[in-house]
Protein chains: 2
Amino acid sequence: MNIKSASALSGLPAKTIRYYEDVGLVRPGRTANGYRTFTEADCHKLAFLARARSLGFSIEECRTLLGLYEDRDRASADVKEIARQHLDRIERKIAELQGLRAMLSTLVDRCHGDGRPDCPILEDLAGTPRMPG
Amino acid sequence: MNIKSASALSGLPAKTIRYYEDVGLVRPGRTANGYRTFTEADCHKLAFLARARSLGFSIEECRTLLGLYEDRDRASADVKEIARQHLDRIERKIAELQGLRAMLSTLVDRCHGDGRPDCPILEDLAGTPRMPG
DNA sequence: ATGCGCCTTCCCGTTACTGGAAGGTCAAGC
DNA sequence: GCTTGACCTTCCAGTAACGGGAAGGCGCAT
């Protein structure tokens, strides 16, 4: 099938599929006129990539996961390790964002938000010393 | 003072300060030999930017916040609106990451993670139908 | 004259695409 | 046979916010 059908089947934009070929994640065939041709297996790989990307795995992690997926003898421990590292990153990011949220919501709550010019948010950004409470 | 001192005072790398000049956030003077010169006020602005960036505001938001900061007649409501929008974005991102974390931790927990090749993580990525529980 | 630590500009690389231009291919309709 | 339209191709540029490094100028001490 052509790239449009592969796009429909995998849920990935055609542009993205071409990009994945560029970086070596998929290797579709070519017809005589230069068009890419995708097998069902190619589409399965693309759907795998779409799912892995939607879970936040990087392209390089996807490459590794795809390699493990296609290696019938891989150890599940290898996969688990990648997923666990990714989970760690997500949890650190959540913690960081929660810290930002706490800081920002404190500032937003303290700002009366009317026409007056005095603003605790700007004062904080400017480094005016203040207690966190 | 020169860029090194401004860097030390503001906590921003010299490269970042030059970049901020490129995008018009600061406008340091120049000496006869072409070196940038920073006033205390410049350093204060740089520190403001460093703080705003560390809270996750984008460069364009920083530009607006800086404009409001330097406008003695601004309404605090304008600042609050920007901060509130940013807070919304942070909360959406947290929710998204929490969703990913839930999904991934489920997968990681279900993977026995030993030398055996069968792996629920890869099965999920490949689209094997399964119940979320 | 040499070395050192500053400073300058400029360009490339990062992540994972997205948009768009310029142009080839194929089937249908007139 | 010609055109239209929907495909397809490659290549180039841009995104956010810098970081790395090259090539070279400046100022001071040895």
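Here, the structure is the one placed above.
A few points on the structure. All of these numbers come straight from a predicted model, not from anything done at the bench.

**A short note on the relation of the copies chain A and chain B**
- Superposing chain A onto chain B requires a rotation of 180° together with a translation of 0.0 Å along the rotation axis, leaving an RMSD of 0.1 Å. Both copies of the chain, as the preceding transformation shows, are related through a two-fold rotation axis. No C-alpha of chain A lies nearer the rotation axis than that of Ile94 of chain A, which sits 2.9 Å from it.
- When the interface residues of chain A are mapped onto chain B, 100% of them again lie at the interface, so the same face is used by both copies.

**Some remarks on the packing of helix H3 (residues 40–54) of chain A against helix H4 (residues 59–70) of chain A**
Residues and elements named next belong to chain A.
- Packing of H3 against H4 brings their axes to within 10 Å, and their N-to-C directions diverge by 135°. Classified by the angle their axes make, H3 and H4 are oblique. Considering only the axes of H3 and H4, their crossing is right-handed. Contact with H3, carried on its side by Lys45, Phe48, Leu49, Ala52 and Arg53, involves Cys62, Leu65, Leu66 and Tyr69 of H4 and no other residues of that element.

**Comments concerning the interface of chain A and chain B**
- Facing the 48 residues of chain A at the interface are 48 residues of chain B.
- Counting residues per element, the ones that place at least two in the side of chain A that touches chain B are H3, H4, helix H5 (76–110) and helix H6 (120–125) of chain A.
- The greatest single-element share of the side of chain A that touches chain B, amounting to 21 residues, is contributed by H5 of chain A.
- Here the side of chain A that touches chain B is built from residues that sort into 27 nonpolar, nine polar and 12 charged.

What counts as what
Residues numbered from 1 in each chain as written. Chains lettered and ligands numbered in written order. Predicted model: local features only at pLDDT ≥ 70, side-chain atom pairs only at ≥ 80, totals over all residues. Least-squares fit on C-alpha atoms with pLDDT ≥ 70 in both. Contact = placed C-beta atoms within 7 Å. Axes fitted to C-alpha atoms, helices over the stretch in contact; angles between N-to-C directions. Helix = DSSP H or I, 4+ residues; strand = E, 2+ residues; numbered from the N terminus. Parallel < 35°, antiparallel > 145°, perpendicular 65-115°, else oblique. Left-handed = near helix turned anticlockwise from the far one by under 90°. Nonpolar A, V, L, I, M, F, W, Y, C, P; charged D, E, K, R; others polar.

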